[in-house]
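# An overview of the molecular structure
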Amino acid sequence: MTTLFRYPVFPVLPGLDQADIPEGLSRVRSIMAEPDYMDSDGDDLIKPKKLLNPVKSSRNHQDLHRELLMNQKRGLAPQNKPELQKVMEKRKRDQVLKAQKEEQEAHQKRTDLEIELMKRRETLEQLELDQHKNEEEQENTPEFVKMKSNLRRTKQEVDGQERAT
């Protein structure tokens, strides 16, 4: 069997000669029967119709399609991603940021001097916090307690001066 273009050409049938086939028709077309519904004189026959797609004919699908077309014309593409996809992207982004931060910390090896300076700074900050707390406590204490502590302090100072002399 030989091929002509993409379609196979059937071997010549024993009862059919090449001379019997009109020149414009191929062998395949001359062998195959023409469908009856192709004739225009068969008006009484029912012509096949394309079947309706139940999904496309549903009202929800039509509304969704109309909304998507309107959003596309306006330039509003649907940006809503599924929740799982959002969570996975966020987790991946966080992992990448964490890895970058660890890399930066590894490259920035701190010297002993820097470590000591950081410790001193932390202790100073702690002392300042304690001092602020003490000041706030003193502001919140009643007036008579403040006066009593002042009297004790002055009495101790006077006693100290008397002992010194």
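Residues numbered from 1 in each chain as written. Predicted model: local features only at pLDDT ≥ 70, side-chain atom pairs only at ≥ 80, totals over all residues. Heavy atoms only, no water.

Per an unreviewed UniProt entry, the protein goes by Family with sequence similarity 107 member B and derives from Phoxinus phoxinus.

## Description of the overall build of the protein
Secondary structure assignment for the protein yields 6 helices and 2 strands. Element order for the protein, N to C, with α for helix and β for strand: β-β-α-α-α-α-α-α. When the accessible surface of the protein is split by element, carbon and sulfur atoms take 55% of a total near 17,000 Å². (Helix = DSSP H or I, 4+ residues; strand = E, 2+ residues; numbered from the N terminus. Areas by Shrake-Rupley, 256 points an atom, 1.4 Å probe, with all protein chains shown as cover.)

## Quick notes on the pattern of salt bridges
Tallied over the full model, the rule gives 2 salt bridges. One salt bridge connects arginine 66 with aspartate 63, and the closest N-O pair in it is separated by 3.0 Å. One end of the pair, arginine 66, and the other, aspartate 63, are both in helix H3 (residues 59-74), 3 residues apart, so they sit about a helical turn from each other. (Salt bridge = Lys/Arg side-chain N within 4 Å of Asp/Glu carboxyl O.)

## Let's talk about H3
Relative to the 22 Å expected for 16 residues at 1.5 Å per residue, H3 spans 23 Å between its end C-alpha atoms, a close match to the ideal helical length. Glycine 75 lies just past H3 and shows a positive phi near 90°. (Expected span 1.5 Å × (residues − 1).)

## Structural notes on a negative patch on the surface
Taken together, the side chains of Glu135, Glu136, Glu137 and Glu139 define an acidic patch exposed on the protein surface. Here glutamate 139 lies in helix H5 (residues 112-140). Using a relative accessible area of 61% as the deciding quantity, one classes glutamate 139 as exposed. (Patch = residues over 30% accessible without salt bridge, like charges linked within 9 Å, V, L, I, M, F, W, Y side chains within 5 Å. Lys, Arg positive; Asp, Glu negative; His and termini not counted. Charge placed at Lys NZ, Arg CZ, Asp CG, Glu CD. Buried < 20%, exposed > 50% of the residue type's maximum accessible area, 1.4 Å probe, protein only.)

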